[in-house]
Amino acid sequence: MPGTDELADRLGALVGGPVDAESAYARLMRRHRLRRLRRAGLGLTAAAAVAVGVLVAVPDERDSKRVDVVDDGGDRDEVPAVAQGERSRTILRFGSQGISITSGDREMSVWPGAVSAAFPDHMGGIVFQEVDAGPIRWLADLSNPSGTSTVAPPGALLHAVIERDGQEEVFFTRRSGEGESSTETLFSYSLLDQTVTEMVDTGGSESGLDAVAAMPDGQLVLSTCHLQCTVWTQEKYQDFATAEPLIPPDWIAGLDIAAETIAYVRYTFTPDSGTTTDPVLVIADLSGETLHEVPLPMTSESGGAMVDLDGDAQRVIVSIPNDGGSGVTSVLVDNVFDVEGRSIETLGEVGAAFGGSIDPFAADCTTPDCPAPTGALGDRELEYAFLRDGATWARTTDGEEVRLTDGTVEASDGFPLVLADGHTIVHSVASFDGVFDRVVATDARDGSSRELPLAGTGLLALSPDTTRIAATRYTDESGATVELVVLDSTTFAEVANVPIGVEDEVGPIQRAAWNGDGASLLVTTRCCYAPEGATQADRLWSVDLPGNSATELQTGSEGTIWIVADRASDENTIPALQLADGSLTWGSLRVAATSVTFDPCCPLPNELDGSMDGYLDLSERADGRWLVSDGRNLFELDTAGTLRRVIEHATNASSRPTR
Amino acid sequence: MADEGFQELFLREYPNLVRELRLIVGPEAAEDVASDAFEQLCRSWAKVSRYERPGAWVRMVALRTATKVRRRSRKRSEVEVGWTAGRAVDRQVDSNIDLVNALGTLSVQQRAAVALHHVGGYSAREIGEFLECEEATVRTHLFRGRQKLAVLLRDPPEEVVDAGHG
């Protein structure tokens, strides 16, 4: 057994890898310097802006190198169904209406002017370009649109924002010269250092850069076009006359790389008509070999595309210019590697990109000087109450999870009960030695909490008619007696008290189930001081409230732990989970005068974790289903034993009263 | 702007904080969380440097962030994946894998209490300051955390009489 010292040694060995504090300090100083500039509303210094401005000032000619195409409106039956599902991830949208950020149902406008391209940086800001080859700007602080700084003056073309080698780089091209002698050059602007670096020439009068991305090692990858586009690593591009390209010339557009995956769009070219049609999203490995092709449900006359691959390469946003050249249409392709699970979701006639680290909806309060915010349901209806990370939470009937307390109410123990009013959540708080310290009531409407005068009381279950609460207490004298007490659910006055036994012999009460008529309960106890090597098992008791007595029931199942529901489903039939030999079985306990028998229904799937049975809980819902909590997640369970997870990371939970 | 005192504090506290956070949020996120906390300290240095223990302040910030990270990730498996993909599997140390898996079952408060006590060497009172809770609550987290670890590592739990040795 690892004692204190041995556990410390094992944990120390686990985490004892080297930590390069000197490098971390250098990185921190660089970040800190940048953020100071951002807060001050600074970006590019005047001198640097002039330096960029004098580079070139020639209108973008990229369109001239692309082939105008007309979509043939061909058969799109093979395109997966478009789903307008819930979008929980943060997405950046941009276009004639400006820039907005969406996450689920929430939307926030962060820039009002028309925008042709926008990319999140990796520090919570956005780099974007105004329409008509306008200036490239950096909006570092989303809450302060007037604080943008200029990355490049009008005339440049924004291609990407890439984080590599600890730098945050904005890549843009500019043209210099006139007519046939014009050339295009790729520049990098460092957001951290506010310096511009000339990277490489990327085209002549009829050629140019379409997209730029970076390999995992930081090497740039360029897609350059002259009629068709060719993808090169930067190293090979220097030698493009003889070197092998990463992706040979084709009718492709857009490019992004993430998680050792390349994504781009390929069109079909019809020589007779000179048109490109049928955009297909191509997913390739880093050698350029195609892994998947996903037909896209859009048409485009221009043949261009912007591609944004999410960090884990599971999702791609593709934006394609609309027919007629006005605006773009974007789709989100999810599960790109999973043919069966793949879906395509329309994002509308806007440009779009993944929000990256942008999270304007998150509470930004982590310092001790800033109290953590809490929420409240107001008039919204509570469906579930649950405990998570030391705080009391509620989930509304429309699925929103709201943290009601800031965690100072120690919600680390006890199962919450939702009282008959539908908004009062009560739960017990236990100290480290298992003694119930106090009972806390939280009003989900306004998030307020108060302590009830019930010190030493462990709440167990709400009666079927919601008027009473079964709870447990111990007498104070030596050789404490374990008691089942019944409280009025409105006044919290004690209305019944039934001694179960001496604590050292029967152990504490684990769970209580009300019978249908509310006149009796089934109670389980487990002695917490089982001799070493002995199998812990629950003892079952029938508690008769009018008779004020408890009778132990014979189970015929040694070594079994019972997770009984909070109430009977029928007269003397109580739904229960049986935990025996490490397996959980869903069924019913039938209670007779002096014994119980278990009618098993079905084993439960593995996702329900019974390894820590002290966290398992079972309660009834109104719709014939049951609520199961395993200390990590909250599940709904139907009569056939099918589990459906409804809340993740919920320590303990319950639903509002149902009858 | 930060001064030499800040640099000295950083170089002294950062490695320890990262090691503690490795147990709480996993090896991948530990340095990020620690860096974020020190960046906040840097911004507030003019004020916090006058505090008696700026190191406690930054640890408190880091733990708040760690809770947030954990809450966002929600899946304990993500923490485990970080470990198993890194040290544990590389070294093929079965006992480490068991320990990582067991740690993954702890709540974030339990994990923090165990990390701060057994890796950082802090007392229950000090941990209570960092976690912003009562000393008794820290003992609760420690007891339950160690109890879970003991069960999952197939060892009987030890009784926690006093968490403090720091």
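Residues numbered from 1 in each chain as written. Chains lettered and ligands numbered in written order. Predicted model: local features only at pLDDT ≥ 70, side-chain atom pairs only at ≥ 80, totals over all residues. Heavy atoms only, no water.

### Details of the overall build of chain B
So, point 1. When helices and strands are counted, chain B shows nine helices and zero strands.
So, point 2. Written out in order from the N terminus, the α and β elements of chain B read α-α-α-α-α-α-α-α-α.
So, point 3. Residue burial in chain B is summarised as follows: out of 166 residues, 59% are buried.
So, point 4. Once local pairs closer than 6 in sequence are excluded, the contacts in chain B between residues at least 24 apart make up 67%.
So, point 5. For chain B, the computed accessible surface area is about 6900 Å², with 44% contributed by carbon and sulfur atoms. (Helix = DSSP H or I, 4+ residues; strand = E, 2+ residues; numbered from the N terminus. Buried < 20%, exposed > 50% of the residue type's maximum accessible area, 1.4 Å probe, protein only. Contact = heavy atoms within 4.5 Å. Areas by Shrake-Rupley, 256 points an atom, 1.4 Å probe, with all protein chains shown as cover.)

### Regarding the overall build of chain A
So, point 1. Regarding its fold elements, chain A presents six helices and 48 strands.
So, point 2. Counting over 659 residues, chain A shows a buried share of 55%.
So, point 3. Counting only contacts in chain A whose residues sit at least 6 apart along the sequence, the fraction spanning at least 24 positions is 44%.
So, point 4. For chain A, the computed accessible surface area is about 27100 Å², with 47% contributed by carbon and sulfur atoms.

### As for the confidence of the model for chain B
Residue and element names in this part refer to chain B.
So, point 1. Across chain B, the average pLDDT comes to 71, with 73% of residues at 70 or higher.
So, point 2. Mean pLDDT values over the elements of chain B span from 32, in helix H5 (residues 76–91), up to 90, in helix H1 (residues 4–25).
So, point 3. Here residues 69–93 is modelled with pLDDT under 50, and outside its nearest four sequence neighbours on either side it reaches 50 contacts, counting other chains as well.
So, point 4. Interface confidence in the predicted complex, given as ipTM, is 0.78; pTM for the same model is 0.45. (pLDDT = per-residue confidence, 0-100.)

### Some remarks on unusual backbone geometry
Residue and element names in this part refer to chain A.
So, point 1. Positive phi, close to 60°, is recorded for Glu260, a residue that is not glycine.
So, point 2. Following the sequence through the fold, Glu260 ends up in the loop between strand E16 (252–258) and strand E17 (261–270).
So, point 3. A residue is classified by how much of its surface remains accessible, and Glu260, at 55% relative accessible area, is exposed.
So, point 4. One non-glycine residue, Asn572, lies in positive phi territory at about 65°.
So, point 5. Here Asn572 lies in the loop between strand E40 (561–564) and strand E41 (573–580).
So, point 6. For Asn572, a relative accessible area of 28% puts it in the partly exposed group.

### Some points on the nonpolar core
The nonpolar side chains of a soluble globular protein tend to be buried, and buried together.
So, point 1. Counting 58 residues, the largest nonpolar core has B:Phe6, B:Tyr14, B:Leu21, B:Ile24, B:Phe38 and B:Leu41 as its most contacted members.
So, point 2. The greatest single-element share of this core, amounting to 10 residues, is contributed by H1(B).
So, point 3. Core analysis: the second largest hydrophobic core is formed by 22 residues, A:Ala253, A:Val265, A:Leu281 and A:Ala305 among them. (Core = buried A, V, L, I, M, F, W, Y, C linked by side-chain atoms within 4.5 Å.)

### Regarding the environment of A:Ala653
Residue and element names in this part refer to chain A.
So, point 1. Locating Ala653 in the fold gives a position in strand E48 (residues 653–655).
So, point 2. Between the C-alpha atom of Ala653 and that of Leu627, which follows or precedes it by 26 residues, the distance is 8.4 Å.
So, point 3. For Ala653, the residues in contact, after removing those within four places along its chain, are Ala385, Phe386, Phe415, Pro416, Asp617, Ser629 and Leu634.

### Looking at H1(B)
All names here are of chain B.
So, point 1. The first and last C-alpha atoms of H1 sit 29 Å apart over 22 residues, in line with the 32 Å expected at 1.5 Å per residue.
So, point 2. Remark: the principal bend of H1, roughly 35°, maps to Glu13, with a proline, Pro15, within the next four residues.
So, point 3. After H1 finishes, the residue Gly26 shows a positive phi value of roughly 95°. (Expected span 1.5 Å × (residues − 1). Bend = angle between axes of the 7 residues up to and from the residue.)

### A closer look at the pattern of salt bridges
So, point 1. For the structure on display, the rule yields 22 salt bridges over all chains.
So, point 2. Linking A:Asp312 and A:Arg315 is a salt bridge whose minimum nitrogen-to-oxygen distance equals 2.7 Å.
So, point 3. Among the residues examined, A:Asp312 registers a relative accessible area of 38% and is labelled partly exposed.
So, point 4. Judged by relative accessible area, A:Arg315 falls into the buried class, the value being 13%.
So, point 5. A salt bridge links B:Arg59 to B:Glu13; the shortest N-O distance between them is 3.3 Å. Of the two residues, B:Arg59 sits in helix H4 (residues 54–73) while B:Glu13 sits in helix H1, which places them 46 residues apart along the sequence. (Salt bridge = Lys/Arg side-chain N within 4 Å of Asp/Glu carboxyl O.)

### Looking at the confidence of the model for chain A
Residues and elements named next belong to chain A.
So, point 1. Chain-level statistics for chain A give a pLDDT mean of 78 and a share of 78% at 70 or above.
So, point 2. Note that residues 36–88 has pLDDT below 50 and, in this model, 120 contacts with residues that lie over four places away or in other chains.
So, point 3. Between residues 408–412, whose pLDDT stays under 50, and residues either more than four places distant or in other chains, the model counts 17 contacts.

### Section: the sheet that holds strand E20 (residues 306–309) of chain A
All names here are of chain A.
So, point 1. Spatial ordering of the open sheet is given by E20-E21-E22-E23, a layout of four strands whose pairing is antiparallel. Looking at the sheet topology across the chains shown, the edges are occupied by E20 and strand E23 (343–348). Across this sheet, the average inter-strand angle for adjacent strands is 20°, counted without regard to direction.
So, point 2. The pairing of strand E21 (residues 315–321) with strand E22 (residues 328–334) spans seven bridges and is classified as antiparallel. Across the sheet, residue Val316 finds its bridge partner in E22, namely Val333. (Pairing = 2+ DSSP bridges. Axes fitted to C-alpha atoms, helices over the stretch in contact; angles between N-to-C directions.)

### Structural notes on the sheet that holds strand E4 (residues 115–120) of chain A
Residue and element names in this part refer to chain A.
So, point 1. Reading across the sheet, the four strands line up as E4-E5-E6-E7 and stay open at both edges, with antiparallel pairing between neighbours. With partners counted over all chains shown, the strands left at the sheet margins are E4 and strand E7 (149–152), one partner each. Sheet twist, expressed as the average angle between the axes of neighbouring strands with direction ignored, equals 30°.

### Remarks on the environment of A:Ala263
Residues and elements named next belong to chain A.
So, point 1. By the secondary structure assignment, Ala263 is in strand E17.
So, point 2. The spacing of Ala263 and Leu286 is 23 residues in sequence and 9.9 Å in space, taken between C-alpha atoms.
So, point 3. Those residues in contact with Ala263 that sit more than four places away from it in its chain are Gly254, Leu255, Asp256, Leu281, Val282, Ile283, Val307 and Leu309.

### A short note on the state of the cysteines
Residue and element names in this part refer to chain A.
So, point 1. On inspection of all chains with the given rule, the structure shows two disulfides over all chains.
So, point 2. What pairs with Cys225 in a disulfide is Cys229, and their sulfur atoms sit 1.9 Å apart. Torsion about the S-S bond of the Cys225 and Cys229 cystine: about 100°, corresponding to right-handed handedness.
So, point 3. Cys229 gets classed as buried once you look at its relative accessible area, which sits at 0%.
So, point 4. Disulfide pairing is shown between Cys601 and Cys602; the S-S distance is 2.3 Å. (Disulfide = S-S within 2.5 Å.)

### With respect to the packing of aromatic side chains
So, point 1. On inspection of all chains with the given rule, the structure shows 14 aromatic pairs over all chains.
So, point 2. These aromatic residues form a ring-pair network of at least three members: A:Tyr25, B:Phe6, B:Phe10, B:Tyr14 and B:Phe38. (Phe/Tyr/Trp six-rings, centres within 6.5 Å; stacked < 30°, edge-to-face > 60°.)

### Here's the deal with the packing of helix H7 (residues 108–119) of chain B against helix H9 (residues 135–152) of chain B
Residue and element names in this part refer to chain B.
So, point 1. Direction vectors running N to C along H7 and H9 enclose 95°, while the axes themselves pass 8 Å from each other. One element, H7, and the other, H9, form an angle in the roughly perpendicular class. Taken together, the residues of H9 that come into contact with H7 (itself represented by Gln109, Gln110, Ala113, Val114, His117 and His118) are Val138, His141, Leu142, Arg144, Gly145, Arg146, Lys148 and Leu149.
So, point 2. When its residues are assigned to classes, the contact of H7 with H9 shows five nonpolar, six polar and three charged. (Parallel < 35°, antiparallel > 145°, perpendicular 65-115°, else oblique. Nonpolar A, V, L, I, M, F, W, Y, C, P; charged D, E, K, R; others polar.)

### Looking at helix H8 (residues 124–131) of chain B
Residue and element names in this part refer to chain B.
So, point 1. Counting buried residues in H8 gives six out of eight residues, a clear majority hidden from the surface.
So, point 2. Along H8, the residues classified as buried are Ala124, Glu126, Ile127, Gly128, Phe130 and Leu131.
So, point 3. Just past H8, the residue Glu132 takes up positive phi, approximately 60°.

### What about the side chain of A:Thr424?
Residue and element names in this part refer to chain A.
So, point 1. Relative to the helices and strands, Thr424 is located in strand E29 (residues 424–430).
So, point 2. Among the polar contacts listed, one links the side chain of Thr424 to the side chain of Asp421, at a separation of 2.6 Å.
So, point 3. Not counting residues within four places of it along the chain, the set of residues in contact with Thr424 comprises Leu417, Val418, Leu419, Ala441 and Thr442. (Polar contact = N/O pair within 3.5 Å; in protein donor to acceptor, adjacent residues only side chain to side chain.)

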